[in-house]
Amino acid sequence: MVNVNGAMNAVVVKGDAVGPTLYYGAGAGAEPTASAVVADLMDVARLIDATNAQRVPYLAFQPEQVQDLAILPIDDVQSAYYLRLRASDKPGVLADVTKILGDRSISIDAMLQKEPDENETEADIVILTHITVEKNMNAAIAAIEALDAITAKVVRIRMEELAK
């Protein structure tokens, strides 16, 4: 038995391919949610006899307004990055990594080196970068992975800045 109480909401959606799915999470509470559902039903009822020209288009855009736009090549994309490296825990490794980044105009925003466990010879290094160009990051990662002290592939995640 499942309960949905207070400001929590749940919706069951049944799909042809997946069957029933349940979506559960925080909402506005019983009364505001009921009001929104009734308002949505009223909108559906009002538009039941409306022509296609009177309705909001599917996907909320007019097909004749769609136009092809040039796509920026991935090498020219600018992004900040999260990098995680697995490296031998010995002097000079971090200096080599930061030199590679600096030589490719990649600025470090933050960095953390996790202390290896006892009897462990490798450490994890996490680096957050400022915004840079993808091709510079690709070159830096290739050079970092070529270092003898780097023991695994570099993990890279692009970080988007959604608001400034």
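Refer to the preceding data block for the structure.
I will try to describe carefully the structure that is included in this document. Just so it is clear, the structure is predicted and the values come from calculations on it, not from any experiment.

### Remarks on the packing of helix 2 (residues 93–103) against helix 3 (residues 134–145)
Then comes step 1: Packing of helix 2 against helix 3 brings their axes to within 9 Å, and their N-to-C directions diverge by 155°. Here helix 2 is positioned roughly antiparallel relative to helix 3, judged by the angle of their axes. Remark: the crossing between helix 2 and helix 3 carries right-handed chirality. Contacts from Val97, Ile100 and Leu101 in helix 2 reach Ala140, Ala143 and Ile144 in helix 3.
Then comes step 2: Taken together, the residues that form the contact of helix 2 with helix 3 break down as six nonpolar, no polar and no charged.

### Details of the side chain of Thr129
Then comes step 1: Mapping Thr129 onto the fold places it in strand 5 (residues 122–129).
Then comes step 2: Not counting residues up to four positions away in its chain, the partners in contact with Thr129 are Ala80, Tyr81, Leu83, Ile106, Ser107, Ile108, Asp109, Met137 and Met159.

### Notes on the pattern of salt bridges
Then comes step 1: In the structure shown here, the tally under the stated rule is seven salt bridges.
Then comes step 2: Where Glu122 meets Arg86, a salt bridge forms, and the shortest distance between an N and an O atom there is 3.2 Å. Linking Glu122 in strand 5 with Arg86 in strand 3 (residues 78–88), this pair joins segments that are 36 residues apart in sequence.
Then comes step 3: With relative accessibility at 24%, the residue Glu122 sits in the partly exposed group.
Then comes step 4: A salt bridge links Lys153 to Glu145; its shortest N-O distance comes to 3.8 Å.
Then comes step 5: By relative accessible area, Lys153 is classed as exposed at 65%.
Then comes step 6: Bridged by salt links that share partners, the residues Arg86, Glu120, Glu122 and Asp124 form one connected network.

### Here we look at the nonpolar core
Within soluble globular proteins, side chains that are nonpolar generally end up buried alongside one another.
Then comes step 1: If you look at the biggest cluster of nonpolar residues, it comprises 19 residues, and the most contacted ones within it are Leu83, Leu85, Val97, Leu101, Ile127 and Ile144.
Then comes step 2: For this core, the secondary structure elements donating two or more residues are strand 3, helix 2, strand 5 and helix 3.
Then comes step 3: The leading source of residues in this core is helix 3, at five residues.
Then comes step 4: The contact partners of Leu83, leaving out residues within four places of it in the chain, are Leu101, Ile125, Val126, Ile127, Thr129, Met137, Ile141, Val154, Val155 and Arg156.

### Let's talk about a nonpolar patch on the surface
Then comes step 1: A surface patch of nonpolar side chains, amounting to about 400 Å² of accessible area, comprises Val4, Val12, Leu22 and Tyr24.
Then comes step 2: Along the chain, Val4 turns up in the segment before strand 1 (8–15).

### Looking at helix 2
Then comes step 1: Within helix 2, burial applies to Val93, Val97, Ile100 and Leu101. Buried residues of helix 2, seen end-on, are gathered within an arc of 95° and therefore sit on one face of the element. For helix 2, the exposed residues set more than 90 degrees away from the buried face come down to Lys99 and Asp103.
Then comes step 2: On its buried face, helix 2 is in contact with strand 3, strand 4 (108–113), strand 5 and helix 3.
Then comes step 3: Taken from the residues just after helix 2, Ser105 is the one with a positive phi, measuring 60°.

### Some remarks on the pairing of strand 5
Then comes step 1: Here seven bridges tie strand 3 to strand 5, and the two strands are oriented antiparallel to one another. Its bridge partner lying in strand 5, Ala87 is registered against Ala123.
Then comes step 2: The pairing of strand 4 with strand 5 spans five bridges and is antiparallel. Paired with Leu112 across the two strands is Val126, which belongs to strand 5.

The rules we used
- Residues numbered from 1 in each chain as written.
- Predicted model: local features only at pLDDT ≥ 70, side-chain atom pairs only at ≥ 80, totals over all residues.
- Heavy atoms only, no water.
- Axes fitted to C-alpha atoms, helices over the stretch in contact; angles between N-to-C directions.
- Helix = DSSP H or I, 4+ residues; strand = E, 2+ residues; numbered from the N terminus.
- Parallel < 35°, antiparallel > 145°, perpendicular 65-115°, else oblique.
- Left-handed = near helix turned anticlockwise from the far one by under 90°.
- Contact = heavy atoms within 4.5 Å.
- Nonpolar A, V, L, I, M, F, W, Y, C, P; charged D, E, K, R; others polar.
- Salt bridge = Lys/Arg side-chain N within 4 Å of Asp/Glu carboxyl O.
- Buried < 20%, exposed > 50% of the residue type's maximum accessible area, 1.4 Å probe, protein only.
- Core = buried A, V, L, I, M, F, W, Y, C linked by side-chain atoms within 4.5 Å.
- Patch = residues over 30% accessible without salt bridge, like charges linked within 9 Å, V, L, I, M, F, W, Y side chains within 5 Å.
- Areas by Shrake-Rupley, 256 points an atom, 1.4 Å probe, with all protein chains shown as cover.
- Arc of directions from axis to C-beta.
- Pairing = 2+ DSSP bridges.

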